[in-house]
Amino acid sequence: METEGRYPPRVNPTGTAHIIDGRALARDVKAVLTARVAELSAQGHPVRLDVVLASGNAAGGVYARNQATMCAEIGIEYRMHEVPSDADESTVTTRVRELNDDDRVTAIMVHLPLPPDVNAQRVQALIDVDKDVEGVNPANIGGVIYGRRTLVPCTALATMRLIESTGVSLRGAEVVCVGASTIVGRPVAVLLMEAEATVTSTNVHTADLAAHTRRGDVVIAAAGVPGLVTGDMVKPGAVVIDVGINRIRDPQTGERRTVGDVDADSVGSVAGWLSPVPGGVGPMTVAMLLRNTVAAADPDGASPAQVR
Ligand code: NAD
């Protein structure tokens, strides 16, 4: 993320945040990937994604069906491997090992949650490092620390892409991460350090969250708490990336809907840039999964310029 000068090159003076259009950015990524998948296929390297899903995992099932559609759209072969909802760990690990050993399989994803008797971390650690397109194998997570930009966790990568799309320079910027999970908050913090930002990582025990977020040129909300970040917690003109996906019941209509960790109404009138929920990090995360899937099949290495 190299841009000229120090942050902020542009502050939105109108008091209304520019909305970062994750869907449009994801479409652009997919167009590039479609071309690359066709090239790889023509060179004898078909791209394929194999997913493991426990039957009865309703949310995972919906996600998997969406994935299948998107893979078809860009020419990636998609195969789903269902395991019984009461499968033991060896049933799941045997399946993952088979996929690891199959040369036709170039990318593997294991949908969570797994059956109750299965330790997800042990299963994730088994996925072949070069096929681990979610970047959940400890070796790939460790690779992030060493700046090995190959199979980076998809949501962390998506967050970086959305910040990058604003044109702000991260070098020397104050960035505050709200949430420090192994799959989002921590990898994002490390990627930001690599971009030479000054990074503050906060968590549920942080004493005065607002005191930190108010200093942020960039704020990343990834706590899983609906509406946690409000306008009074944000510096005018800041870039605010909302990673949260929370299903709530609307108090007025009684209907269920998806909201982020950011109170979009109040933050939208203070921030310079805001990634919305839905339509921000979510679609870009899917695009990054596809990006990793294409990279994993690419014999030129996992991070060719074409699939940046
Ligand atoms: P997690 O529960 O594993 O971790 C939450 C983190 O937030 C923890 O570090 C916790 O200490 C911190 N936290 C909780 N309350 C806080 C508070 N009041 N102040 C500061 N920190 C607080 O969650 P996760 O898996 O990282 O997910 C976070 C959110 O991001 C969820 O809403 C999840 O659905 C969403 N998510 C979205 C995507 C996507 O593709 N857009 C992907 C993964 C997760």
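Residues numbered from 1 in each chain as written. Predicted model: local features only at pLDDT ≥ 70, side-chain atom pairs only at ≥ 80, totals over all residues. Heavy atoms only, no water.

1. Structural notes on the overall build of the chain
This is how the line gets drawn: Elements are defined by DSSP. Helices are runs of H or I of four residues or more, strands are runs of E of two residues or more, and each kind is numbered from the N terminus. Only the C-alpha atoms count toward the radius of gyration. The rule for a globule is 2.2 Å times the residue count to the power 0.38. With a 1.4 Å probe rolled over the protein chains alone, any residue whose accessible area is under 20% of its type maximum counts as buried; one over 50% counts as exposed, and the rest are partly exposed. We call two residues in contact when some of their heavy atoms are within 4.5 Å. A residue counts as positive if it is Lys or Arg and as negative if it is Asp or Glu; His and the chain ends are not included. In plain terms, the charge of a residue is placed at NZ if it is Lys, CZ if Arg, CG if Asp and CD if Glu.
The number of helices and strands found in the chain is ten helices and eleven strands. At 20 Å, the chain has a C-alpha radius of gyration in line with the 19 Å of a compact globule built from 308 residues. Expressed as lengths along the three principal axes of its C-alpha atoms, the size of the chain is roughly 55 × 45 × 35 Å. When each of the 308 residues of the chain is scored for burial, the buried share is 50%. Within the chain, contacts between residues at least 6 apart in sequence are counted, and of these 70% link residues at least 24 apart. Distance from the positive charge centre (28 side chains) to the negative charge centre (36 side chains) of the chain: 2 Å.

2. Considering the sheet that holds strand 11 (residues 273–275)
In a beta sheet, neighbouring strands are held together by backbone hydrogen bonds and run either parallel or antiparallel to one another. The line we're drawing: Two strands form a pair only when DSSP identifies at least two bridges running between them.
Ordered in space as 1-11-8-7-5-6, the six strands form an open sheet in which the pairing is parallel. Single-partner strands in this sheet number two, and they are strand 1 (18–19) and strand 6 (198–202). Strand direction decides the pairing type here: strand 5 (residues 174–178) and strand 6, joined by five bridges, are parallel. Its bridge partner lying in strand 6, V176 is registered against T200.

3. Quick look at the layout of surface pockets
Quick note on the threshold: Here a cavity is any set of points on a 1 Å grid over the protein atoms alone where a 1.4 Å probe fits but cannot get out, and a pocket is any open set with protein on both sides within 12 Å along at least 5 of 7 lines; a residue lines the site when it has an atom within 4 Å of a point. Grid points are joined across faces, edges and corners, and a volume is the space filled by probe spheres set on the points. All residues other than Ala, Val, Leu, Ile, Met, Phe, Trp, Tyr, Cys, Pro, Asp, Glu, Lys and Arg, Gly among them, are scored as polar; the first ten of these are nonpolar and the last four charged. For the domain bounds, the source is a domain assignment made automatically or taken from a database.
Taken as a whole, the largest pocket holds about 1000 Å³ of empty space. Taken together, 38 residues form the lining of the largest pocket, with Y63, E134, T155, I245 and T285 sitting closest to its centre. Per-element accounting of the lining of the largest pocket gives the leading share, seven residues, to helix 2 (residues 58–74). Its residues assigned to classes, the lining of the largest pocket comprises 21 nonpolar, eleven polar and six charged. Looking at which domains feed residues into the lining of the largest pocket, each of domain 1 (44–130) and domain 2 (165–282) gives three or more.

4. A word on the site of the ligand
Note the cut-off: Neighbouring residues are identified by heavy atoms, a residue being near a molecule or strand if any of them is within 4 Å of it. Whenever a nitrogen or oxygen atom comes within 3.5 Å of another N or O atom, the pair is scored as a polar contact, on the condition that within protein one atom can donate a hydrogen and the other can accept it, and that pairs from neighbouring residues in sequence are kept only if both atoms are in side chains.
Taken together, 22 residues surround the ligand, and among them A180, S181, N203, V204 and I245 come closest. The separation between an oxygen atom of the ligand and a polar main-chain atom of A180 is 2.8 Å. Among the elements that line the shell around the ligand, the one with the most residues is helix 10 (residues 281–297), at three residues.

5. Here's the deal with the nonpolar core
Stated precisely, the cut-off is as follows: We define a nonpolar core as any set of buried Ala, Val, Leu, Ile, Met, Phe, Trp, Tyr and Cys residues linked to one another through side-chain atoms lying within 4.5 Å.
Core analysis: the biggest nonpolar cluster contains 57 residues, and L49, I76, L170, L192, I220 and I241 have the highest contact counts within it. The element contributing the most residues to this core is helix 10, with nine residues. In this structure, this core is formed jointly by two domains, domain 1 (44–130) and domain 2 (165–282), each of which donates at least three residues. Setting aside its immediate chain neighbours within four residues, L49 contacts C71, I76, E77, Y78, R79, A107, I108, M109, V133, L289 and T293.

6. Regarding the pairing of strand 2 (residues 48–54)
What counts, and what does not: The path from the first strand over the helix to the second decides the hand: if it runs clockwise while the strands point away from the viewer, the crossover is right-handed.
Counting buried residues along strand 2, seven of its seven residues qualify, which places the element largely inside the surrounding structure. Here strand 2 shows no split at all, with R48, D50, V52 and A54 on one side and L49, V51 and L53 on the other all buried. Relative to strand 3 (residues 77–83), strand 2 is paired through seven bridges, and the arrangement is parallel. When the bridges of strand 3 are listed, V51 appears paired with M80. Running through helix 2, the crossover from strand 2 to the neighbouring parallel element strand 3 is right-handed. Note: strand 2 against strand 4 (residues 108–110), three bridges, orientation parallel. Among the inter-strand pairings, V52 is bridged to a residue of strand 4, identified as V110.

7. A look at the domain arrangement of the chain
Looking at the chain, the domain boundaries give domain 1 (44–130) and domain 2 (165–282). Each of domain 1 and domain 2 was reduced to a C-alpha centroid, and the two centroids are 30 Å apart.

8. Considerations on the pattern of salt bridges
Condition: One side-chain nitrogen of Lys or Arg within 4 Å of one carboxyl oxygen of Asp or Glu is enough to make a salt bridge.
Within this structure, the stated rule accounts for eleven salt bridges. For R48, the salt bridge is made with D50, and the minimal N-O distance between the two is 2.8 Å. Each of the two residues, R48 as well as D50, counts as buried. Residue E89 is joined to R122 by a salt bridge in which the shortest nitrogen-to-oxygen separation is 2.7 Å. With E89 in helix 3 (residues 89–101) and R122 in helix 4 (residues 120–126), this pair connects stretches of sequence that are 33 residues apart. Through salt bridges with shared partners, one network takes in R36, E39, D298 and D300.

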